[in-house]
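# Descriptive analysis of the structure
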Amino acid sequence: MSEVIKDDFTPVSYDPQYVLQVNSLKKYFPIKGGFFGKTVGHVKAVDGVTFNLKRGTTMGLVGESGCGKTTTGRTILRLAGEKTSGQVLFNGKDVYDLSAKEMRALRPKMQIIFQDPFSSLSPRLHVGEIIGEAVREHNIVPANEYNDYIDEVMDNCGLQSFHKNRYPHEFSGGQRQRICIARALALNPEFIVCDEPVSALDVSIQAQIINLLNELKEKHSLTYLFISHDLSVVEHISDTVGVMYLGNLVEYGATEDIFNNPLHPYTEALFSAIPVPDPTAKMNRIVLEGSIPSPANPPKGCKFHTRCARCTERCKQEAPVQREVEPGHYVVCHLYDK
Amino acid sequence: MAKKNNDGYLSAAETRRISRQNRKTTNELEKKRKRKNVPESEYLTTMKDPGNAVEFEDLHTYFFTDVGTVHSVDGISFDVPLGKTVGVVGESGCGKSVTSLSLMQLLQRPQGQIVSGSIRLNLGNGKAYDITKTPEKVMQKLRGNFISMIFQEPMTALNPVFRIGEQINEVIALHDDEGKSDESIKERTIELLEMVGIANSEGVYKMYPHELSGGMRQRVMIAMALACSPKIIIADEPTTALDVTIQAQILDLLRNLKDKINSSIMFITHDLGVIAEMADYVVVMYAGRVVEKGTALEIFAHPSHPYTIGLMASKPVVGKKAEKLYSIPGKVPNPVNMPDYCYFKDRCEMCVSRCSGEYPGMIKLSDTHYVSCYRYYDEKEGK
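The notes below deal with the structure included here.

Summing up its helical and strand segments, chain B has 13 helices and 13 strands in all. Buried residues in chain B amount to 45% of all 383 residues. In chain B, of all internal contacts separated by at least 6 residues, the share reaching a separation of at least 24 is 65%.

This is the structure we're talking about:
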């Protein structure tokens, strides 16, 4: 029953202007079934994602829940077990070719901020330990500078040094998110995956955290992969945007291009669904029917054809490939075939 | 008010004193609540304006906790007109949900109590009940038939061990009029499921909640709330847990249904975009009080209270590029120990000298637009 997973992709070589190169990355999760727990199918969480991330820029990754945004982020960091296929080059090194020891040495350079600041902090460690544990482990600073270093990191993230001896439950949501940011930042990373860092926060706190992330990016020349389903936040923070649907990157390009000139029908529908805080605004909404199909059994051909308003016969048969419509603006759709 | 040391920790003796006092107060209120055979005349009132579906007047809802009394709702007044949508905005913890729970009388008792004020519910034909005095027995008849609620989390609000059909049937069987056959109830349930845009209504009738997606579950919740065609629907953040595309579907649905059954909606959310799209009137709440209210056009075109202005500036808007987002400095004051001046003063960047005085009253800017801020006192009354 189990299908053969194709492992065909053209490897890319290192281009020094990119901190991260992701090439046809696939991550399938097996579905076990039957009496002997045989693999009966796969959930195709990430099904061929290709993009490059320039040094010092922010890429926003948007899409509905269940489209594989988070799995993409985790697979890039090698946090979701082994990849199924594809390449992840971080500064030219394939993350999945490294030994455990090499990987460990690379970890401080690539960090992640999780979505829910209420569950991603250990309730039993005080804040100083949460931030400092990995600093000691990786010998980021000599032992005699350790305390000052932690104070400095906390100060950078808007926390006071007397917070060090407190426990996470004593903090509000916004402050907890600052602790998560401090924890990631303490290791001097080059690249941070921000997995919906503001979606659990109030509007006014959101603004503080977004400003903080932007400041830190300037100060430490960081590169972010910003995963979110809030399009207005993504537009504010990102230089490039990728739109995901059912494990595929359907459109990808500079933020202005994507927001001013969305090409893929899914992107159009997604953008028209954003509520605008202006009661006089005219609505020209494209409402998508139904919900996202199951990634275990995605539709044939173009995965979006079941909900697409501009679907043709060809879309039902043949899966489109990624093509560059404008310079730096990629789209996966038959409508833009020459 | 409880005395506190610098860290905010209370001594054991202090805690004991507070809980003793709380018990006394809540027991008294509970006793009043639990009387039997309350005559109707006690809770029968008249609406100030028969065009309103609900009128909140100077409502105070407190929670008596062991660290002190939390003034969750501290004297709010606003009206929900018939057939209109009123949006209630504010940060978490500002008392939005407690306001709606007070209207439903679903507060966590005995700690949560409506201490004073009134909520007048229009029953039609010139009749109105004061919800704060209505006994539990009568309240059960009002819930569902006159007021119903759509909860925030469609994942947790449905019972996982019953089929969708059974859960909606229950609502119809318990409310509405007596003497319905099982077939007619089922028919009505299927009709409701179709009304909220579920295509495979017969199939969904037999499904369990876990078989449905988030958007579908929210539709089921809406069907359940609409089961008895209530006059007022309280939508407590109905789309916060949903994706934008699904959110657009649900908002469309709510708007259409509102017109169809001609009811009022009290829409609680913290998303200003959703409010702009849905609401006719907007109420902005901060720390248990209404700081500004008016029509949606007024609030979005001329936000007047510094908090409203800050809230609007801190939300990034698609199509408007900003270098840096505005963020309101500071944080919400401790709910147990509220200051005696304007609650927003410590975070406000537009303070005038008078702000250190007592809490500002509501100032009328236009017939429908009210704001509670000293900055407008001079222009209006010179008070």
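There is more to say after this.
Residue and element names in this part refer to chain A. On the secondary structure map, Val141 appears in the loop between α3 (127-137) and α4 (146-156). Sequence separation between Val141 and Leu187 is 46 residues; the distance between their C-alpha atoms is 9.5 Å. Sequence-distant contacts of Val141, that is, excluding residues within four places in its chain, are made with Val135, Tyr146 and Tyr149.

With 37 residues of chain B in contact, the opposing surface of chain A contributes 30 residues. At the level of secondary structure, the elements contributing two or more residues to the side of chain B that touches chain A comprise α9 (244-261), α10 (272-278), α11 (296-301) and α12 (306-313) of chain B. Of the residues in the side of chain B that touches chain A, the class split is 18 nonpolar, eleven polar and eight charged.

Right, let's get into the nonpolar core. Formed by 174 residues in total, the largest nonpolar core has its most connected members in Ala182(A) and Ala223(B). It is helix α8 (residues 214-226) of chain B that provides the largest number of residues to this core, a total of eight residues. Setting aside residues up to four positions removed in sequence, Ala182(A) forms contacts with Ile131(A), Val153(A), Met154(A), Cys157(A) and Leu159(A). Formed by five residues, the second largest nonpolar core is a distinct cluster that contains Ile363(B), Val371(B), Cys373(B) and Tyr374(B).

Now for helix α5 (residues 173-185) of chain A. Residues and elements named next belong to chain A. Here α5 spans 18 Å end to end across 13 residues, near enough to the 18 Å set by a 1.5 Å rise per residue. With twelve of 13 residues buried, α5 lies mostly within the body of the structure. At its buried positions, α5 is contacted by β6 (110-113), α3, α4, β7 (191-195) and α6 (203-220).

Residue and element names in this part refer to chain B. Because side chains alternate across strand β7 (residues 147-150), one face comprises the buried residues Ile147 and Met149, and the other comprises Ser148 and Ile150, equally buried. Examined bridge by bridge, β7 and strand β8 (residues 232-236) share four bridges and lie parallel to one another. Bridged to Met149 within β8 is Ile234.

What counts, and at which threshold
- Residues numbered from 1 in each chain as written.
- Chains lettered and ligands numbered in written order.
- Predicted model: local features only at pLDDT ≥ 70, side-chain atom pairs only at ≥ 80, totals over all residues.
- Helix = DSSP H or I, 4+ residues; strand = E, 2+ residues; numbered from the N terminus.
- Buried ≥ 20, exposed ≤ 12 C-beta atoms within 10 Å, placed from the backbone.
- Contact = placed C-beta atoms within 7 Å.
- Nonpolar A, V, L, I, M, F, W, Y, C, P; charged D, E, K, R; others polar.
- Core = buried A, V, L, I, M, F, W, Y, C linked by C-beta atoms within 7 Å.
- Expected span 1.5 Å × (residues − 1).
- Pairing = 2+ DSSP bridges.

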